[in-house]
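Secondary and tertiary structure notes
Letter by letter, the chains look like this.
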Amino acid sequence: MAFITATLPLMVGLILLFLARLLKRQPKKLKFPKSLPSFPLIGSLLSLRGKLQPHILFQKLQKKYGKLYSLMMGSHYVVIVNDYQHAKEVLMKKGKVFAGRPRTVTTDLLTRGGKDIAFASYSKAWKFHRKLVHSALGMFGEGISTIEKIICQEANSMCQTIITQQNSLLDMGQELTRAVTNVVCSLCFNSRYQRGDPEFEAMLDYSKGIVDTVAKDSFVDIFPWLEFFPNKDLKLLKKCVAIRDTLLLQKYEEHKKNYCDESVRDLIDALLRAKSNIKGNSSFTQDTSLDDDHLLMTVGDVFGAGVETTTTVLKWTILYLLHFPEVQKNIQKELDAVIGQERYPKISDRGNLPYLEATISEVLRIRPVSPLLIPHVAMEDSSIGDFAIPKGSRIVINLWSLHHDEDVWVNPGHFDPTRFLDESGRHIYSPSASYLPFGAGIRVCLGESLAKIELFLFMSWILQRFTLENPPGASLPSLEGKFGVVLQPPKFKIKATLREVWKSCELSDYA
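Report follows, based on the coordinates. (Residues numbered from 1 in each chain as written. Predicted model: local features only at pLDDT ≥ 70, side-chain atom pairs only at ≥ 80, totals over all residues. Heavy atoms only, no water.)

Now for a nonpolar patch on the surface. On the surface, a nonpolar cluster with roughly 390 Å² of combined accessible area is contributed by Phe-39, Leu-41, Ile-42 and Leu-46. With respect to the element layout, Leu-46 can be found in the loop between strand 1 (34–35) and helix 2 (54–65). Exposure remark for Leu-46: the relative accessible area of 40% places this residue in the partly exposed category. (Patch = residues over 30% accessible without salt bridge, like charges linked within 9 Å, V, L, I, M, F, W, Y side chains within 5 Å. Areas by Shrake-Rupley, 256 points an atom, 1.4 Å probe, with all protein chains shown as cover. Salt bridge = Lys/Arg side-chain N within 4 Å of Asp/Glu carboxyl O. Helix = DSSP H or I, 4+ residues; strand = E, 2+ residues; numbered from the N terminus. Buried < 20%, exposed > 50% of the residue type's maximum accessible area, 1.4 Å probe, protein only.)

Structure representation (structure tokens):
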């Protein structure tokens, strides 16, 4: 009895230690994001009905389901991210884990099964191709100076067109699209087009068709089997992709025929040189292959994204200037003080024009060009915050919510460029970590630098010379926008008037 009494504490301790270890080995119960109601086959589609556009609806739903929640898009498990902390984890802290892309009917048609950069999943081949294009954009010409010259030539041409149409209402969207398209054509193909050129008009038409039909969670992307039934949007997309591919192939064949290894004129030449180097170097592996499809889709990617995104931001900027004419006056005062009428704006002026830069930044915040970034896919079982995220989950970053978060931005629905200025009036690129206009991490927008240069130069050239106004007696265009692969502003016309200080100027055309 004495022995039992003496050893009892030891026995209890051993039992408790055994139980602790046993409990420690038990897997923790996984915590998943709160989910919208879901039904067989259709998933959560009934909860997504209504007039609200997806980015606004997703922002509204967080009040009920939290900043991170899930839903079923048909059979696809989708996680919606509405705040910066979770977005940062997806885009940066665990960028490679969440660097996959969903395969959909429309994006597969657009990219020949994911052989581009924007819609292809992360892999060694994708990483190589992205790095290649990034370096290729700086391989020809003299880098920034060449790009600046191309943009300024197009800005000057557009300004000349505006002068001739001062007495009529002007569709500024068309002029901006032509100008930006010519910039990208120069970079990709070493060519530019005059107004009315049939090939140029075909490019504009197919670009619009693709933007209107691809990657916007249409029923055919949610239920792939619908591909085999008559579908108006899918028919249009196939037609536009066929036109695009014909034009790209024509350019590609012309470049192959005239290619000279010692003279790299544009992006296609740079990619041809890279392909030649790979072919003759045994150190490259299958992961660094570059077949014709990859090359063509990469050029198509750069061309498509480069035109549509930049043009969209420019149109939104002008639309906001119509609504806020005092902002336009402030920009013009700044341009007059810094540049005057003796010369045209240059890239080197960016640091001296903080109010213009702040205005562009505010447009990118209040109307993000892609309010729902291209969805990411979890490439392995992982987590976001305290929530488990299964492999294959689709992750949607609601950039609209980040840019309109009332906990971060003061009066986020109000257009206010001064939120991007410090007390000294200097431009602040990012007053908040929630500001991610071009995304972040390993899948950040490849054309960010080019887009910023274009936005600055085009807007500075236009506003230096013209005052833009809403047509007399006409209602101001809506600021709502149309959801798609980009958030498109409505069509609108303006009255562009040569500023009084420019009427007597005889500054020669830009050369």
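Turning our eyes to something else, we now look at the sheet that holds strand 7 (residues 394–397). The five strands lie next to each other as 1-2-3-7-4, forming an open sheet whose pairing is mixed. Only two strands of the sheet have a single partner each, and these edge strands are strand 1 and strand 4 (376–377). Packing of helix 2 onto the sheet brings it into contact with strand 1, strand 2 (68–73) and strand 3 (76–81), and relative to strand 2 it is tilted by some 120 degrees. (Pairing = 2+ DSSP bridges. Contact = heavy atoms within 4.5 Å. Axes fitted to C-alpha atoms, helices over the stretch in contact; angles between N-to-C directions.)

Where side chains of opposite charge bring their charged atoms close, a pairing between them can arise. Under the defined criterion, the tally for this structure stands at 22 salt bridges. For Arg-192, the salt bridge identified is with Glu-154, shortest N-O distance 2.6 Å. Note that Arg-192 is positioned in the loop between helix 7 (172–189) and helix 8 (198–213) and Glu-154 in helix 6 (residues 144–164), a separation of 38 residues in sequence. According to the relative accessible area criterion, Arg-192 is partly exposed, its value standing at 36%.

Inspection of the secondary structure assignment puts Asp-301 in helix 12 (residues 292–323). Notably, Asp-301 is buried but unbridged: the nearest opposite-charge side chain belongs to Arg-244, and the N-O separation is 6.8 Å. In contact with Asp-301, not counting residues within four places along its chain, are Asp-116, Ile-117, Ala-118 and Gly-306. (Lys, Arg positive; Asp, Glu negative; His and termini not counted.)

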